[in-house]
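Next come the chains, spelled out residue by residue.
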Amino acid sequence: MTSALIDLDPQVLWKHFDVLAATPRPSTKEAAARNYVISRAEALGLEYTQDAAGNLVVRKPPRPGRESAPMALLQGHLDMVCEKNEGTPHNFDTDAIKVTRDGDWLKAEGTTLGSDNGVGVAAALAVMESSDIAHGPLEFVFTIDEETGLTGAAEFPGGLLKSKYFLNLDNEETGTLCIGCAGGVKTTGRRKVEFAPASGKSAFRIKVSGLKGGHSGVDIHQGRGNALRVLGTTLQRLAAKLPAEIATLNGGSAQNAIPREAAAVVVLDAGQESSLRELVSACETEWKTDLSRFDPELRITVETSPKPERTLKASDSARIIDLLVTLPYGVVAMSPDVPGLVQNSTNLAVVSINGDTAEIITSQRSAIESSKQAVAQMVATVMRMAGFEVEHTGSYPGWKPEPTSEIVRKLQSAHEKVFGKPAKLIAMHAGLECGVIGEKYPGMQMISFGPTIVDPHSPNERVQISTVQNFWKLLKQALETI
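Every value quoted in this text rests on a predicted model; they were computed, and no experiment measured them.

Draft legend 1. Focus on the pairing of strand β5 (residues 105–108). Because side chains alternate across β5, one face comprises the buried residues Leu-106 and Ala-108, and the other comprises Trp-105 and Lys-107, none of which is buried. Where strand β4 (residues 99–102) lies against β5, four bridges are found, and the strand directions are antiparallel. In the sheet register, Arg-101 faces β5, and the bridge partner there is Leu-106. Between β4 and the antiparallel strand that follows it, β5, lie two residues; Gly-103 among them carries a positive phi value of about 65 degrees. Both β5 and strand β25 (residues 462–464) contribute to a ladder of three bridges, which runs antiparallel. The residue of β25 that forms the bridge with Leu-106 is Val-463.

Draft legend 2. Region of interest: the layout of surface pockets. Roughly 630 Å³ of volume is contained in the largest pocket. Every residue lining the largest pocket is counted, 26 residues in all, and those nearest its centre are Glu-173, Leu-341, Ile-426, Ala-427 and Met-428. Partitioned by chemical class, the residues of the lining of the largest pocket number 14 nonpolar, six polar and six charged.

Draft legend 3. Seen up close, helix α5 (residues 227–241). Spanning 15 residues, α5 covers 21 Å between terminal C-alpha atoms, matching the ideal 21 Å at 1.5 Å per step. The backbone nitrogen of Leu-228 lies 2.9 Å from a side-chain oxygen of the residue at the head of α5, namely Asn-226.

Draft legend 4. Structural view of the nonpolar core. Among the nonpolar cores identified, the biggest contains 63 residues, and Leu-106, Phe-142, Leu-167, Phe-449 and Leu-475 are the most heavily contacted of them. Counting residues per element, this core draws most heavily on helix α3 (residues 115–129), at nine residues. In this view, Leu-106 contacts Ala-4, Leu-5, Leu-8, Trp-14, Val-99, Thr-100, Arg-101, Leu-113, Glu-461, Arg-462, Val-463 and Ile-465; residues no more than four positions away in its chain are not counted. In this structure, Ala-264, Cys-283, Leu-327 and Val-382 belong to the second largest nonpolar core, which totals 43 residues.

Calculation rules
- Residues numbered from 1 in each chain as written.
- Predicted model: local features only at pLDDT ≥ 70, side-chain atom pairs only at ≥ 80, totals over all residues.
- Heavy atoms only, no water.
- Buried < 20%, exposed > 50% of the residue type's maximum accessible area, 1.4 Å probe, protein only.
- Helix = DSSP H or I, 4+ residues; strand = E, 2+ residues; numbered from the N terminus.
- Pairing = 2+ DSSP bridges.
- 1 Å grid on protein atoms, 1.4 Å probe; cavity = no way out; pocket = protein on both sides within 12 Å on 5 of 7 lines; lining within 4 Å.
- Points joined across faces, edges and corners; volume = space filled by probe spheres on them.
- Nonpolar A, V, L, I, M, F, W, Y, C, P; charged D, E, K, R; others polar.
- Expected span 1.5 Å × (residues − 1).
- Polar contact = N/O pair within 3.5 Å; in protein donor to acceptor, adjacent residues only side chain to side chain.
- Core = buried A, V, L, I, M, F, W, Y, C linked by side-chain atoms within 4.5 Å.
- Contact = heavy atoms within 4.5 Å.

Okay, here's the thing in structure tokens:
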């Protein structure tokens, strides 16, 4: 076992997390993780089914004396967000996550940790193997490709599950029970671009780094910087002051992550290097003032770069840059009903130039379907004004809260028994698979809970060890209460 996990409680959970951390599992590449789950099911003699999408369902009989209990379902997703700091030599397709321990926290060396949703999956596996939990009949659902658009949940078939209660293990705030979540949609803009021979004598790489990033749902209200916006405003200022040509432009890595880094290669005369550096330094100072304590480690740097043979035509680079500056980003509206809950948001996520096509990826979230579509149309309208063709994909529904449901009462009873007080009921401004799968099973009652995970979807991701212990205690009590 990884040294960081030795002697952690509960070992029945951490031993599975150790295997998952050593198993590459990017979105759409979860086969090895799924095979591990299958190996455990087969070793235990449990029935399992794999659907056409690659999701896995395992069934476990009730413990003696609990045969009449209603069937419950434990669910988690096998994939993880793959983000790393620039310069970190990690291949998510082949390399194990390097887990480290810092007091009461686990994190990874320069990459995402995968505690989202590795801890939840490990907990489900621990329940599968358990012989000391007095649970009723159980189903375990392990989904694929949650992080890039809840694909596994969207393609999950109706009619397969038998459970009355759906326990999602993908919440990230201890002491809470999540009873609702936002839906989402991906909005992508594409534009054909043209190039011309580079006329300047020198090339420089302008890089934005040091931002916190984070989850584009649960962290969108934190006021953190967006690397694409920072780079866009810097390049716009540069274009207005110097005869610079843009050769490359890229940043961000996933639609559900706030972009932490972005970079562009520009070409201009060597004699203008000092002016370039002064301009970039001024932009950095202004952005640091604007972001202040929200993102104090922001850096905008300039370094020499090999000169490219061609650069974007000025009209194309201007359209891309102006769009990075203009596209809505962040909180669009707060909930009028739930204090502190974001109702509508949009994330400016990824920009890239591949061949002769510039692409900008965004995502929108809302618990209200009409509001989600309205924000997506607002973003699409701005894109079309800049000459981009627009595509909406990966739309998924939200999950309407039902605070008086039977499953909420049962989980609150379990929470009070374990901790002496009720949990806080919350709704999450992020996509959970409950809403997507639950839509196909009318009447199934749903709830989500988990340990404390901070800064998911970024290399700063970390999970609090003591809250994993509490999560496990609550899960065991919940299964005995249901």
